[in-house]
Amino acid sequence: EAWRQERRDFTGEMVLVTAGGTREPIDPVRFIGNRSSGRMGYAVAEAAKRRGARVVLISAPTTLPCPAGVEVEQVVSVEDMRAAVMAQLNEATVVVMAAAVSDYRVKDVADRKMKREGAQAISLELAGTVDILREVVGRRRDGTLVVGFAAETEDVVANGRGKLERKGVDAVVVNDVSKEGIGFDSEQNAGSFLTKDGTVEFPVMSKVEMAERILDEVLKLRVGTAH
Ligand code: CTP
Ligand code: CA
């Protein structure tokens, strides 16, 4: 819509965004990944930039072009993403964690390509990764708003509310990834924006439009805070 073009309501904010799906190496040529396209996070980064923010995008691998005017740092693994996020956190006034972050990493990464010969079946031992979002909440400066994402396949809103409370974030955007045509690998999304004060439903819309709606809700959270 035309009126959106004029809004510079994120002037003075530094929006730190994570996007894409992290990759955990198995050996030099293989990894454990996920279906995240990065579109939702990139859309948030672009929208925040257009609305006047300084934007730093920490991006796990995607096929998307770098948004104009956005400072992009490419990362691969959870540990890379964690380091990049922590290095920027002091400057951030808003953090939007849209990346699909691996919950596990391979415990012993092979330094040479694993060979098929002689192995009918193998097991990979996995170790848990750090929860970057939790660490962000623990280390943020006063007034920094933190928004998490949750992709769920069942009990969508209840699971999202659980994450809101457990992780101590200001808001969680939940979406149902069991539905075809929205969420992972899609241009479209739908979901709910959860805060301690209530739920805002986002009907099916483009990820570009949802990014705007998310930022609208973030600004509402600013009202009454000291920033
Ligand atoms: N997240 C993170 N670091 C991790 C895992 C998740 O920062 N190691 C962030 C994601 O970027 C997202 C939020 O936490 O913003 C929720 O991710 P999700 O995978 O839904 O939460 P988990 O706590 O990993 O729960 P689940 O068991 O459902 O995967
Ligand atoms: Ca997870």
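Located above this text is the structure these notes cover.
Just so we're clear, the structure is a prediction, and the values are computed from it rather than from any experiment.

Visitor: Hey, could you run me through the packing of helix 2 (residues 39–50) against helix 6 (residues 207–222) in this one?
Guide: Each pair of packed helices gets described by two things: the angle between the helix axes and the distance between those axes. Running from N to C, helix 2 and helix 6 point in directions that differ by 60°, and their axes come no closer than 8 Å. Considering the angle they form, helix 2 stands oblique to helix 6. At the point where helix 2 passes helix 6, the crossing takes the right-handed sense. Mapping the contact onto sequence places R39, M40, A43, V44, A47, A48 and R50 in helix 2 and K207, V208, M210, A211, E212, I214 and L215 in helix 6. Tallied by class, the residues present in the contact of helix 2 with helix 6 amount to 10 nonpolar, no polar and 4 charged.

Visitor: I keep staring at a nonpolar patch on the surface and nothing clicks. Help me out?
Guide: Together, Y104, I122, L124 and L126 line one region of the surface with nonpolar side chains, adding up to about 380 Å² of accessible area. Structurally, Y104 is set in strand 7 (residues 104–106).

Visitor: Just checking my understanding: could you explain the pattern of salt bridges for this structure?
Guide: In total, this model carries 22 salt bridges according to the counting rule given. Taking the shortest distance from any N to any O, the salt bridge between D9 and R51 comes out at 2.9 Å. On the criterion of sequence distance, the pair formed by D9 in the loop between helix 1 (2–6) and strand 1 (14–19) and R51 in the loop between helix 2 and strand 4 (54–59) is long-range, its members being 42 residues apart. Since its relative accessible area comes to 28%, D9 is described here as partly exposed. For R51, a relative accessible area of 0% puts it in the buried group. One salt bridge in this structure joins D131 and R134, with 3.9 Å as the shortest N-O distance. A relative accessible area of 43% places R134 in the partly exposed class.

Cut-offs applied
- Per chain, the residues get numbers from 1 upward, laid out in the order the sequence is written.
- Key to labels: chains lettered from A, ligands numbered from 1, both in the order written.
- Where local features are concerned, this predicted model is filtered to residues with pLDDT of at least 70; where side-chain atom pairs are given and counted, the filter is 80 or more; whole-chain, interface and lining totals use all residues.
- For side-chain calculations, the full set of non-hydrogen atoms in the structure is used, while hydrogens and water are omitted.
- Axis lines are fitted to C-alpha atoms, over the contacting stretch for helices. Their N-to-C directions set the angle, which ranges from 0 to 180 degrees.
- Counting from the N terminus, the helices are the DSSP runs of H or I reaching at least four residues and the strands are the DSSP runs of E reaching at least two.
- An angle below 35 degrees is treated as roughly parallel, one above 145 as roughly antiparallel, one from 65 to 115 as roughly perpendicular, and anything else as oblique.
- With the far helix as reference, a near helix turned anticlockwise by less than a right angle produces a left-handed crossing, and one turned clockwise produces a right-handed crossing.
- Contacts are assigned to residue pairs that have any heavy atoms within 4.5 Å of one another.
- Residues are grouped as follows: nonpolar covers Ala, Val, Leu, Ile, Met, Phe, Trp, Tyr, Cys and Pro; charged covers Asp, Glu, Lys and Arg; every other residue, Gly included, is treated as polar.
- Residues enter patches when their relative accessible area tops 30% and they take part in no salt bridge; the joining distance is 9 Å for like charges and 5 Å for the nonpolar side chains Val, Leu, Ile, Met, Phe, Trp and Tyr.
- Method for areas: the Shrake-Rupley scheme with a 1.4 Å probe, in which residue coverage is limited to the protein chains shown.
- Here, a salt bridge means any Lys or Arg side-chain nitrogen found within 4 Å of an Asp or Glu carboxyl oxygen.
- Accessibility here uses a 1.4 Å probe with only protein chains present; expressed as a share of the type maximum, an area under 20% marks a residue as buried, one over 50% as exposed, and anything in between as partly exposed.

Just distances and angles here, no functional claims.
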